[in-house]
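Results of the structural survey
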Amino acid sequence: RVAAALVADHRPRAILDVATGTGDLALSLARRTAPGSAVTGLDFSQPMLDLAAGKARRGRVGIPIRWVAGDALALPFQDHSFDLATVAFGLRNFVDIPRGLAEMSRVVRPGGVVAILEFSQPSPGPCSWAYDLYRAHVLPRLGRRVAGGMPGAYEHLSGSVHRFPAPE
């Protein structure tokens with residue numbers, strides 16, 4: 001919700017949420033976007049998009065969301081099609097992160113915004129071991145809840161966070 005509120009301040013009219021998964025960020029953006037705007041959620045997993053569409057039907061979203069099955073590394077949109085492109089907790093799953101970022105930049109209009117919300121490893125120290133426990137045991141359970149109990153959903157989360165490049 002905080003990320004959606006921050007990017008909504010830019011008053012985007014055409015929004016793309018890449019690796020939308022179950023659509024949480026796309027739904028938050030749709031709730032904060034002016035009437036007449038368009039939100040598109042893209043994911044390679046049709047079952048995740050189906051869950052997102054179900055949430056949208058139940059969630060009283062102000063504007064319709066278009067759900068698109070597609071590859072973040074070859075976005076099926078024309079250059080400069082969106083004012084805003086977001087990815088929340090999906091960038092670490094891109095097989096080629098620079099290519100995914102280039103694709104997001106390609107579809108955003110000049111002066112538009114690419115917004116990324118992502119986990120990373122904390123610096124070594126007292127918080128690091130606690131975060132490792134949280135990442136390995138709590139995050140997968142939360143992911144299953146978010147995905148409506150879908151077996152195997154978010155099981156990859158712990159390992160992908162661990163492999164993701166450090167902030168610097």
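Residues numbered from 1 in each chain as written. Predicted model: local features only at pLDDT ≥ 70, side-chain atom pairs only at ≥ 80, totals over all residues. Heavy atoms only, no water.

Structural notes on unusual backbone geometry
What counts here: Residue burial is assigned from relative accessible area. The probe radius is 1.4 Å, only protein chains are included, and a residue is buried under 20% of its type maximum, exposed over 50%, and partly exposed in between. Helical segments are the DSSP runs of H or I of at least four residues, strand segments are the runs of E of at least two, and each set is numbered from the N terminus.
Its identity as a non-glycine residue notwithstanding, Ala-19 has a phi of 55°, on the positive side. Overall, Ala-19 belongs to the partly exposed group, its relative accessible area being 23%. Residue His-80 is not a glycine yet carries a positive backbone phi of 60°. Note on placement: His-80 falls in the loop between β3 (65-69) and β4 (82-88). Given a relative accessible area of 42%, His-80 falls into the partly exposed group.

Let's talk about the sheet that holds β4
For the record, the criterion: Two strands qualify as a pair provided that DSSP identifies no fewer than 2 bridges between them. As a rule, the C-alpha atoms of each element are fitted with a line to give its axis, helices using only the stretch in contact, and angles between N-to-C directions run from 0 to 180 degrees. Two residues form a contact once any of their heavy atoms are found within 4.5 Å.
Read across the sheet, five strands follow the order β3-β2-β1-β4-β5 without closing on themselves; strand pairing throughout is parallel. Edge positions in the sheet fall to β3 and β5 (108-117), since each of these pairs with one other strand and no more. With direction set aside, neighbouring strand axes in the sheet form an average angle of 20°. Where strand β1 (residues 14-18) meets β4, four bridges bridge the pair, whose relative direction is parallel. Paired with Ile-15 across the bridge in β4 is Leu-84. Along the sheet, helix α3 (residues 46-58) contacts β2 (38-43) and β3; its crossing angle with β3, the most-contacted strand, is approximately 170°.

Looking at helix α5 (residues 126-146)
Our working rule: Expected helix span is given by 1.5 Å per residue-to-residue step, counting one fewer step than there are residues. The reported bend at a residue is simply the angle between two axes, fitted to the 7 residues ending at it and to the 7 residues beginning with it.
Between its terminal C-alpha atoms α5 stretches 29 Å, which fits the 30 Å expected from 21 residues at 1.5 Å a residue. The axis of α5 is deflected most strongly, by about 40°, at Arg-135. Those residues of α5 that sit buried are Ser-128, Tyr-131, Arg-135, Leu-139, Pro-140 and Gly-143.

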